[in-house]
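Chain residues, written in single-letter form:
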Amino acid sequence: MKIHTLGPRETDSYAAAKQYNNKECQGKAEIVGHSSFERILDNLTRYSNDYLLIPAAFKSKQMRASWGDIHYEMLDNLELENCFMTNLDPLVVVQRTDAKNDIGYTHAATAQLLEKVVGDVDVKTAASKYQAYQLYKDTDAEYVLTNEKNVALKSDERVIKRMTPSMVWCLYKIA
């Protein structure tokens with residue numbers, strides 16, 4: 001059994017796939033991490049008879065779609081087999097205190113949350129919260145919403161909000 005999901009290993013999706021594999025598959029499934037959910041969804045025919053693990057919070061600016069859109073649009077390609085819930089690794093909003101440009105990075109699914117926490121922010125989205133943090137580190141952006149485990153605070157940074165949400169995960173059999 002192969003489970004396709006968002007990688008790399010640092011993502012919540014990969015952690016959820018590992019948890020599902022350990023609990024439901026006795027560790028026998030192969031987890032395949034991809035650079036984006038869009039890449040998986042655009043290539044479903046290549047993964048026939050495998051599985052897709054996707055969060056109910058899925059949102060894609062590229063596809064202009066949410067989990068519900070994908071669920072109904074791909075009824076012929078995806079069969080919902082299981083749902084389960086996990087606690088996500090804590091999320092944090094980090095501010096670089098010496099930047100004053102109102103630019104923030106996060107995943108598309110958490111863009112509105114970043115706007116809610118920060119207020120007026122120009123949100124740049126990435127394929128994962130892990131990738132968002134990498135982009136934040138490589139630029140002079142003022143904010144990032146990512147998993148706490150990704151962050152190594154520097155002297156010019158501070159955590160302005162910490163959250164511990166749960167997530168619903170959907171496991172689909174790919175036709």
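What you see is a predicted model; the values in this text were computed from it and never measured. (Residues numbered from 1 in each chain as written. Predicted model: local features only at pLDDT ≥ 70, side-chain atom pairs only at ≥ 80, totals over all residues. Heavy atoms only, no water.)

Comments concerning the domain arrangement of the protein chain
Once the domains are mapped, the protein chain shows domain 1 (2-88 + 166-174) and domain 2 (98-155). Averaged C-alpha coordinates put domain 1 and domain 2 at centres separated by 23 Å. Counting residues at the interface gives 10 residues for domain 1 and 13 residues for domain 2. In this assembly, domain 1 packs against domain 2 so that about 940 Å² is buried in total across both faces, 55% of it on carbon and sulfur atoms. Three residues, Glu10, Lys59 and Lys61, lead the burial of domain 1 against domain 2; their summed loss comes to 51% of the area buried on that side. At the junction of domain 1 and domain 2, the tally comes to one salt bridge. Among the ionic pairs, Asp12 bridges to Lys129, the shortest N-O distance being 2.9 Å. Summed over the shared surface of domain 1 and domain 2, the result is three residue pairs in polar contact (both at pLDDT 80 or more). Class assignment for the residues of the side of domain 1 that touches domain 2 results in three nonpolar, three polar and four charged. (Domains from an automatic or database assignment. Contact = heavy atoms within 4.5 Å. Buried area = accessible area lost by both parts, 1.4 Å probe. Salt bridge = Lys/Arg side-chain N within 4 Å of Asp/Glu carboxyl O. Polar contact = N/O pair within 3.5 Å; in protein donor to acceptor, adjacent residues only side chain to side chain. Nonpolar A, V, L, I, M, F, W, Y, C, P; charged D, E, K, R; others polar.)

Describing unusual backbone geometry
Residues Gly7 and Pro8 are joined by a peptide bond in cis, for which omega reads 0 degrees. Positive phi is not limited to glycine here, since Asn49 has a value of about 75 degrees. Here the phi dihedral of Arg64 falls at roughly 50 degrees; this positive angle occurs in a residue that is not glycine. Relative to the assigned elements, Arg64 resides in the loop between β4 (59-60) and β5 (65-66). (Helix = DSSP H or I, 4+ residues; strand = E, 2+ residues; numbered from the N terminus.)

Quick look at the sheet that holds strand β12 (residues 166-174)
Taken in spatial order, the five strands make up an open sheet running β2-β1-β3-β12-β6, and their pairing is mixed. Of all strands in the sheet, those bounded by a partner on one side alone are β2 (30-34) and β6 (78-87). On average, each strand axis in the sheet is inclined to that of its neighbour by 25 degrees, with strand direction left out of account. Together, β1 (2-6), β2, β3 (51-55), β6 and β12 form the strand contacts of helix α1 (residues 12-24), whose direction differs from that of β1 by roughly 155 degrees. (Pairing = 2+ DSSP bridges. Axes fitted to C-alpha atoms, helices over the stretch in contact; angles between N-to-C directions.)

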